[in-house]
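# Topology and contacts: notes
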There are 2 protein chains.
Amino acid sequence: MRKGTLLVLSGSSGVGKSTVIAQVLEHRPDVYFSVSCTTRPPRPGEVDGVNYYFISREEFQGRIDRGEFLEYAEYVGNYYGTSMTVIREKLEKGVDVLLDIEVQGAAKVREKLPEAASVFIVPPSFEELANRLRGRGTDSEEKIRQRLDTARREAKEIKYYDYIVVNDTVEHAAQEVLAILTAQDCRTQRRIDQIEGV
Amino acid sequence: MRKGTLLVLSGSSGVGKSTVIAQVLEHRPDVYFSVSCTTRPPRPGEVDGVNYYFISREEFQGRIDRGEFLEYAEYVGNYYGTSMTVIREKLEKGVDVLLDIEVQGAAKVREKLPEAASVFIVPPSFEELANRLRGRGTDSEEKIRQRLDTARREAKEIKYYDYIVVNDTVEHAAQEVLAILTAQDCRTQRRIDQIEGV
């Protein structure tokens, strides 16, 4: 029985990761996109249970204590975490899973589920990233500088990822993520158990 | 400067590898398909310089002696070989290269060019392979049995390949090879030198 492929996606803050993911899911509605829990307040337009599960710090802490997270991390003052049970269940059923996680969380997933593949999405250039963050108009200039510093630090972690996708255009980046999903499914260590009689 | 990706394709004899490759090249006319040299006589419809360079045993031996092959091997009584110079030149220019090689040759390529990725194309089942070989109508029953024995031996080498593609339909197999080509291009060790300023 074919197990699902787990693909971890990280990216510099403001790189347009959510848009890329939305486009990937449009092409592959069979893929389960794992919705993270967070204690940060929703941005305008974000929907609970779609973008994130928005929960309180108290609730988050309780789940940490009960060991319910595959990974969790604090990032720019807020908690982000991924539920373990749901993901294992999907993979066992043969469903491919996409995880949107920042770099600390991705490191923990690699540790706990070494069969996962990981992708880091980068902007075409650092200047472009600054422009996009300012263009979004949701953050103060101080917050933007904080995000850019974080992006610089995160860039040092890129080497631990299996793949790098440059978000020059959303369509191109999404096509690359889709190709990576397909290629991962073809990897010998996964397929060798499935082929018989050859 | 982006270097080309080298993808090695092997497959059980009669699995329909040439048809899959033709379809891949139709989608990606920018990819250079390395034409091998062989001492075996052309099959009906095969064209010199397209399917193979058909050369004499004497000429082949001369090229071996001058070290002109990336790999060469004897297979069912005939020589097959790949020219080193052309491939290096294409890769340096940033052109992706597809190599159609049997298992012994693929092992040598992995040794000499470890950055190459390799794909093994398998039939949906062994019975299906036998049917396809008989349906082709170009080989005697003895030759077919010889090919099936070779296919059984080759199957033991599959584990050394990076990817396995099942040729259930040509379109599906070609899509998987195309995805693998794209994914290989996204691999971190390749891209990390290309991204700057992030």
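Cut-offs used in this document
- Residues numbered from 1 in each chain as written.
- Chains lettered and ligands numbered in written order.
- Predicted model: local features only at pLDDT ≥ 70, side-chain atom pairs only at ≥ 80, totals over all residues.
- Heavy atoms only, no water.
- Pairing = 2+ DSSP bridges.
- Helix = DSSP H or I, 4+ residues; strand = E, 2+ residues; numbered from the N terminus.
- Axes fitted to C-alpha atoms, helices over the stretch in contact; angles between N-to-C directions.
- Contact = heavy atoms within 4.5 Å.
- pLDDT = per-residue confidence, 0-100.
- Phe/Tyr/Trp six-rings, centres within 6.5 Å; stacked < 30°, edge-to-face > 60°.
- Lys NZ or Arg CZ within 6 Å of the ring centre and 35° of its normal.
- Buried area = accessible area lost by both parts, 1.4 Å probe.
- Salt bridge = Lys/Arg side-chain N within 4 Å of Asp/Glu carboxyl O.
- Polar contact = N/O pair within 3.5 Å; in protein donor to acceptor, adjacent residues only side chain to side chain.

## What about the sheet that holds strand S8 (residues 117-122) of chain A?
All names here are of chain A. Strands sit in the order S2-S7-S1-S8-S9 across an open sheet of five strands; the sheet is parallel. The open sheet terminates on both sides in strands that have one partner only, identified here as strand S2 (32-34) and strand S9 (163-166). Shown here is a sheet whose adjacent strand axes are inclined to one another by a mean of 25°, direction ignored. Pairing geometry for S2 and strand S7 (residues 97-100), over three bridges, is parallel. Bridge assignment links Tyr-32 to a residue of S7, and that residue is Val-97. Strand contacts of helix H4 (residues 103-112): strand S1 (6-11), S7 and S8, with the helix running at about 160° to S1, the strand carrying the most contacts.

## Looking at the confidence of the model for chain A
All names here are of chain A. Per-residue confidence for chain A gives a mean pLDDT of 90; residues scoring 70 or more make up 98%. The secondary structure element of chain A with the lowest average pLDDT is helix H5 (residues 126-136), at 83, and the one with the highest is helix H7 (residues 170-185), at 97. Both scores are given for the predicted complex: the pTM is 0.85, the ipTM 0.83.

## Here's the deal with the packing of aromatic side chains
What the rule picks out here adds up to 18 aromatic pairs over all chains. Summarising the aromatic geometry, the rings of Tyr-52 of chain A and Tyr-80 of chain A are spaced 5.8 Å apart at their centres and angled 65° between planes, so their arrangement reads as edge-to-face. Of this pair, Tyr-52 of chain A sits in the loop between strand S3 (37-38) and strand S4 (53-54) while Tyr-80 of chain A sits in strand S6 (residues 78-83), and the two are 28 residues apart along the sequence. Judged by centre distance (6.0 Å) and plane angle (75°), the ring pair of Tyr-75 of chain B and Tyr-80 of chain B falls under edge-to-face. Feature note: the residues Tyr-52, Phe-54, Tyr-75 and Tyr-80 of chain A constitute an aromatic cluster, connected by ring pairs. Directly above the aromatic system of Tyr-163 of chain B lies the positively charged group of Arg-187 of chain A, at a separation of 4.8 Å from the ring centroid. Positioned over the ring face of Tyr-32 of chain B is Lys-90 of chain B, at 4.7 Å from the centre of the ring.

## Regarding the interface of chain B and chain A
The interface is formed by 29 residues belonging to chain B together with 29 residues belonging to chain A. Carbon and sulfur atoms make up 66% of the area that chain B and chain A hide from each other, which totals about 2,400 Å². Joining chain B to chain A, the criterion identifies two salt bridges. Arg-191 of chain B is paired through a salt bridge with Glu-176 of chain A; the nearest N and O atoms lie 2.9 Å apart. Where chain B packs against chain A, one counts 14 residue pairs in polar contact (both at pLDDT 80 or more). If you list the elements that add at least two residues to the side of chain B that touches chain A, you get strand S9 (163-166), helix H7 (170-186) and helix H8 (188-191) of chain B. Looking at the side of chain B that touches chain A element by element, the count peaks at six residues for H7 of chain B.

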